[in-house]
Amino acid sequence: TQLLEQSPQFLSIQEGENLTVYCNSSSVFSSLQWYRQEPGEGPVLLVTVVTGGEVKKLKRLTFQFGDARKDSSLHITAAQPGDTGLYLCAGDSGGGADGLTFGKGTHLIIQP
Amino acid sequence: KAGVTQTPRYLIKTRGQQVTLSCSPISGHRSVSWYQQTPGQGLQFLFEYFSETQRNKGNFPGRFSGRQFSNSRSEMNVSTLELGDSALYLCASSLGSAINTEAFFGQGTRLTVV
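Residues numbered from 1 in each chain as written. Chains lettered and ligands numbered in written order. Predicted model: local features only at pLDDT ≥ 70, side-chain atom pairs only at ≥ 80, totals over all residues. Heavy atoms only, no water.

1. Observations regarding the overall build of chain A
Looking only at helices and strands, one finds zero helices and eleven strands in chain A. For chain A, the α and β elements follow one another from N to C terminus as β-β-β-β-β-β-β-β-β-β-β. Across its three principal directions, the C-alpha atoms of chain A cover 40 × 30 × 20 Å. Burial analysis of chain A (112 residues in total) assigns 44% to the buried set. Sequence-distant contacts in chain A: of pairs separated by 6 or more residues, those separated by 24 or more amount to 54%. About 5300 Å² of surface is accessible on chain A, with carbon and sulfur atoms providing 51% of the total. Computed over 8 positive and 11 negative side-chain charges, the inter-centroid distance for chain A is 4 Å. (Helix = DSSP H or I, 4+ residues; strand = E, 2+ residues; numbered from the N terminus. Buried < 20%, exposed > 50% of the residue type's maximum accessible area, 1.4 Å probe, protein only. Contact = heavy atoms within 4.5 Å. Areas by Shrake-Rupley, 256 points an atom, 1.4 Å probe, with all protein chains shown as cover. Lys, Arg positive; Asp, Glu negative; His and termini not counted. Charge placed at Lys NZ, Arg CZ, Asp CG, Glu CD.)

Right under this line is the structure:
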């Protein structure tokens, strides 16, 4: 069974601070996706990383895929209250037939 | 284009009853996956349907079943409901190709079993 461990589980910081969320596994994934979910809503796809060592930027969010394609990180610069939500990483083992494996998520609260 | 639509949004059922949830995927998407989300277990994969065939199944009991119609709409059914089935059930639509597995989720159906 493939597992994705996310850390930290909960994070509450002040507006303007920087933060990093981690997603780790002992398994190799063909791609890894990051989602953000707000209360009462479904997860919304933020980014997909495919190549080992890949770095993608989405405004103040920077996503990195580990060289061995087993881990990933999400870094947020100058966090804003609108960044509050549940951040989920999801790994695809390849072939699309096994479903995505999700981490349990990081609950992020940005206080004004 | 329209997103993924799940109905109903909220549902309250009694133990022992059965329930059917519906999902309409994004137009052109042939794959529909179902997930159960609970605070303790997070998002867990139930099953995936592609072109009316169940392509893969997660580790859930046989009380959980699904189907997909020719227009790609999907339904999932849970029979003999248990209190532990209370959860947010999410449907995700994707192209279903091995190259692109990006999933687009609906808002979910919040099921409460009493």
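2. Concerning the pattern of salt bridges
Residue and element names in this part refer to chain A. As enumerated under the stated definition, the model contains eight salt bridges over all chains in all. Glu38 is the salt-bridge partner of Arg36, the closest N and O atoms lying 3.0 Å from each other. The exposure class assigned to Glu38 is partly exposed, which follows from its relative accessible area of 38%. Arg60 is paired through a salt bridge with Asp83; the nearest N and O atoms lie 2.9 Å apart. One end of the pair, Arg60, is in the loop between strand E6 (55-58) and strand E7 (61-65); the other, Asp83, is in the loop between strand E8 (71-76) and strand E9 (85-92), and 23 residues separate them in sequence. (Salt bridge = Lys/Arg side-chain N within 4 Å of Asp/Glu carboxyl O.)

3. Side note on the interface of chain A and chain B
The interface of chain A with chain B comprises 21 residues on the first partner and 19 residues on the second. With both sides pooled, the region where chain A packs onto chain B buries about 1600 Å², and carbon together with sulfur makes up 49% of that total. A per-residue breakdown of the area chain A buries against chain B is headed by Pro43, Phe102 and Lys104 of chain A, which together make up 24% of the total. Inspection of the chain A/chain B interface yields seven residue pairs in polar contact (both at pLDDT 80 or more). Sorting the residues of the side of chain A that touches chain B by element identifies strand E4 (31-37), strand E5 (44-49) and E9 of chain A as the ones contributing at least two each. Counting residues per element, the side of chain A that touches chain B draws most heavily on E4 of chain A, which supplies four residues. A per-class count over the side of chain A that touches chain B returns eight nonpolar, nine polar and four charged. (Buried area = accessible area lost by both parts, 1.4 Å probe. Polar contact = N/O pair within 3.5 Å; in protein donor to acceptor, adjacent residues only side chain to side chain. Nonpolar A, V, L, I, M, F, W, Y, C, P; charged D, E, K, R; others polar.)

4. Thoughts on the state of the cysteines
With the rule as written, the count across this model stands at two disulfides over all chains. Across the disulfide from Cys23 of chain A sits Cys89 of chain A; the S-S distance is 2.0 Å. Because the sign of the S-S torsion sets the handedness, a value of about 80 degrees for the bond joining Cys23 of chain A and Cys89 of chain A places this disulfide among the right-handed ones. Taken together, the residues Cys23 of chain A in strand E3 (residues 19-24) and Cys89 of chain A in strand E9 connect sequence positions 66 residues apart. Comparing Cys23 of chain A with Cys89 of chain A, the two get one shared label, buried. Between the sulfur atoms of Cys23 of chain B and its disulfide partner Cys91 of chain B the distance amounts to 1.7 Å. As the torsion about the S-S bond is roughly -45 degrees, the Cys23 of chain B-Cys91 of chain B disulfide counts as left-handed. Placement of Cys23 of chain B in strand E3 (residues 19-24) and of Cys91 of chain B in strand E9 (residues 87-94) is noted, with a sequence separation of 68 residues between them. (Disulfide = S-S within 2.5 Å.)

5. What about the pairing of E3 of chain B?
For a regular strand, the rule is simple: side chains alternate between the two faces of the sheet. Residues and elements named next belong to chain B. The sheet contact formed by strand E1 (residues 5-7) and E3 spans three bridges and is antiparallel. If you follow Thr7 over to E3, its bridge partner there is Ser22. As paired strands, E3 and strand E8 (residues 74-78) are joined by five bridges and run antiparallel to one another. Among the inter-strand pairings, Thr20 is bridged to a residue of E8, identified as Asn77. (Pairing = 2+ DSSP bridges.)

6. Notes on the packing of aromatic side chains
Summed over all chains, the structure comprises nine aromatic pairs over all chains. Seen in terms of ring centroids, Trp34 of chain A and Phe63 of chain A are 6.4 Å apart; in terms of plane orientation they differ by 50 degrees. Their pairing is tilted. One end of the pair, Trp34 of chain A, is in strand E4; the other, Phe63 of chain A, is in strand E7, and 29 residues separate them in sequence. Take Trp34 of chain A and Phe63 of chain A: they sit in the same class, and that class is buried. With centroids separated by 5.6 Å and ring planes inclined at 85 degrees, the aromatic side chains of Tyr35 of chain A and Phe105 of chain B adopt a geometry described as edge-to-face. Taken as a pair, Tyr35 of chain A in strand E4 and Phe105 of chain B in strand E10 (residues 104-105) lie in two separate chains rather than in one. Looking at Tyr35 of chain A, the relative accessible area reads 0%, which means it is buried. Assessed through its relative accessible area of 11%, Phe105 of chain B is described here as buried. Aromatic rings pair up to connect Tyr35 and Phe102 of chain A together with Tyr35, Phe45 and Phe105 of chain B into one cluster. (Phe/Tyr/Trp six-rings, centres within 6.5 Å; stacked < 30°, edge-to-face > 60°.)

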